[in-house]
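Listed here are the chains, written in short residue letters.
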Amino acid sequence: MADRARTTMYDVADAAGVSHQTVSRVVNDRPNVSPQTRARVRAAMEELDYRPSGTARSLAVRRSGAVGVVSFMGPWFGPTTMLMEIEAAARRSGYDVHIVSAVALQGQVFEAAVEGLLRRDVEGVVVIAPTDAQAAMVEGIFGRLPVVAVEGRLDGRAPFVGGDNEAGGHLAARHLMDHGHRTVAHVTGPPDWAEARQRTRGWERALREGGLEPGPQLVGDWTAESGFRAGTALLADPRLPEVSAVFVGNDPMALGLISALYHAGVEVPGRISVMGYDNTPESGWFYPALTTVEQQFDAVGAAAIEALVSLIEGEPPRPELLVTPRLVSRSSVARMPGGLS
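This structure is a prediction, so every number in the text was calculated from the model and none was measured.

## Describing the overall build of the protein
Working step 1: Along its length, the protein carries twelve helices and twelve strands.
Working step 2: Per-residue burial for the protein yields a buried fraction of 55% across its 341 residues.
Working step 3: In the protein, once contacts between residues fewer than 6 apart in sequence are set aside, the share between residues at least 24 apart is 73%.
Working step 4: Counting every atom, the protein has about 15,100 Å² of accessible surface; 52% of that belongs to carbon and sulfur.

In structure tokens, the structure reads:
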């Protein structure tokens, strides 16, 4: 028999051959579980001598069946897609979702919006706060109910789930290096975005591991316009003759950079290869089609809800979960035959 003090919902899920969310629904007598599955889960609970924690039992008697999302999403593909995936994952797990979109909210107005969310008796909150200042604004939520941070760490005060942006930056630089590029420039996202800093760290680490010095670094703000400005600045950089590739922190900025190079008569990828990040729906329709790094937003959304449900049920916080991105290879990156002529 399993040690009762150590048995968790995950043990029950493994024994019953179901998901953690299904065990949660059985524990709290939620719908959308077949009688056969419910019986199998209860049998596994009895066999393992599993009992929900006191926290989970106290929550169960006042279940609202709802979770909240505080999102500081702007008009960017990443945060917007993340919000959609979290909402979908919550509904698949049997929870209603209440959203506070706080992109334009500050001070007391923001606090009032969050208070309104809490008055809905949500059982937990997912916070999407990608910038440092936004992360600081959610201080009042802690200690009041379970919180999971997504795509922006909250100084270790909440479990974190997100894409592995440092691994993504490393993957991008490694791909360019594998194609023979020795001087790789980088257009970063805004410095106050943790994701931007992580992608930059991955880019720099990959180059140094390969014995290369990082190329010119330019700063953008996620917009195509800032990518165009970065491209213009790169064209004036004294190191331009050495640069054969650019890793750009997101796809819209890559579009702007490609436009700047095109207007200056610089061929992509004939003279400079360009690589983006996010794999937006339009990236395959760029000219040339954009090689990029795709975040697994569906996996991040599902993992965030799983982590939140775990906290709601009284399980101890799980370590941070980073979802590995994947490379999408298209025609904007060319192999270097032997360096620039």
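## Some words on the pattern of salt bridges
Working step 1: For the coordinates displayed, the defined rule picks out 14 salt bridges.
Working step 2: Residue E166 is joined to R201 by a salt bridge in which the shortest nitrogen-to-oxygen separation is 3.6 Å. Of this pair, E166 sits in helix α8 (residues 165–178) while R201 sits in helix α9 (residues 194–209), and the two are 35 residues apart along the sequence.
Working step 3: With a closest N to O distance of 3.1 Å, R205 and E209 form a salt bridge. Note that R205 and E209 are positioned in helix α9 at a spacing of four residues, about one turn of the helix.

## So, unusual backbone geometry
Note: most peptide bonds trans; most residues except glycine with negative phi.
Working step 1: The omega torsion of the bond from V268 to P269 falls at 5 degrees, within 30 degrees of zero and hence cis.
Working step 2: Locating P269 in the fold gives a position in the loop between α11 (251–263) and β9 (273–275).
Working step 3: In this model, Y287 is joined to P288 through a cis peptide bond whose omega is 0 degrees.
Working step 4: Position of P288 among the secondary structure elements: in the loop between β9 and β10 (292–294).
Working step 5: Even without being glycine, D49 reaches a positive phi, approximately 55 degrees.
Working step 6: The phi dihedral of D278 falls on the positive side, at around 115 degrees, and the residue is not glycine.
Working step 7: Following the sequence through the fold, D278 ends up in the loop between β9 and β10.
Working step 8: With relative accessibility at 7%, the residue D278 sits in the buried group.

## Description of the confidence of the model for the protein
Working step 1: Mean pLDDT over the protein works out to 85, with 87% of the residues at or above the 70 mark.
Working step 2: Within the model, pLDDT remains below 50 along residues 1–5, and this stretch shows six contacts once partners closer than five positions in the same chain are excluded.
Working step 3: Every residue in residues 54–62 is under pLDDT 50, and counting partners more than four places away or in other chains gives eight contacts.

## Here we look at the sheet that holds strand β8 (residues 245–248)
Working step 1: With parallel pairing, the four strands of this open sheet are ordered in space as β7-β6-β8-β9. The sheet terminates laterally at β7 (217–219) and β9, the two strands that pair on one side only. Neighbour-to-neighbour, the strand axes of this sheet turn through a mean angle of 20 degrees, independent of strand direction.
Working step 2: Pairing geometry for strand β6 (residues 184–188) and β8, over four bridges, is parallel. Counted as the bridge partner of V187 is V248 from β8.
Working step 3: Set on the sheet, α8 makes contact with β6, β8 and β9; between it and β8 the angle comes to about 165 degrees.

Reading the values: rules and limits
Residues numbered from 1 in each chain as written. Predicted model: local features only at pLDDT ≥ 70, side-chain atom pairs only at ≥ 80, totals over all residues. Heavy atoms only, no water. Helix = DSSP H or I, 4+ residues; strand = E, 2+ residues; numbered from the N terminus. Buried < 20%, exposed > 50% of the residue type's maximum accessible area, 1.4 Å probe, protein only. Contact = heavy atoms within 4.5 Å. Areas by Shrake-Rupley, 256 points an atom, 1.4 Å probe, with all protein chains shown as cover. Salt bridge = Lys/Arg side-chain N within 4 Å of Asp/Glu carboxyl O. pLDDT = per-residue confidence, 0-100. Pairing = 2+ DSSP bridges. Axes fitted to C-alpha atoms, helices over the stretch in contact; angles between N-to-C directions.

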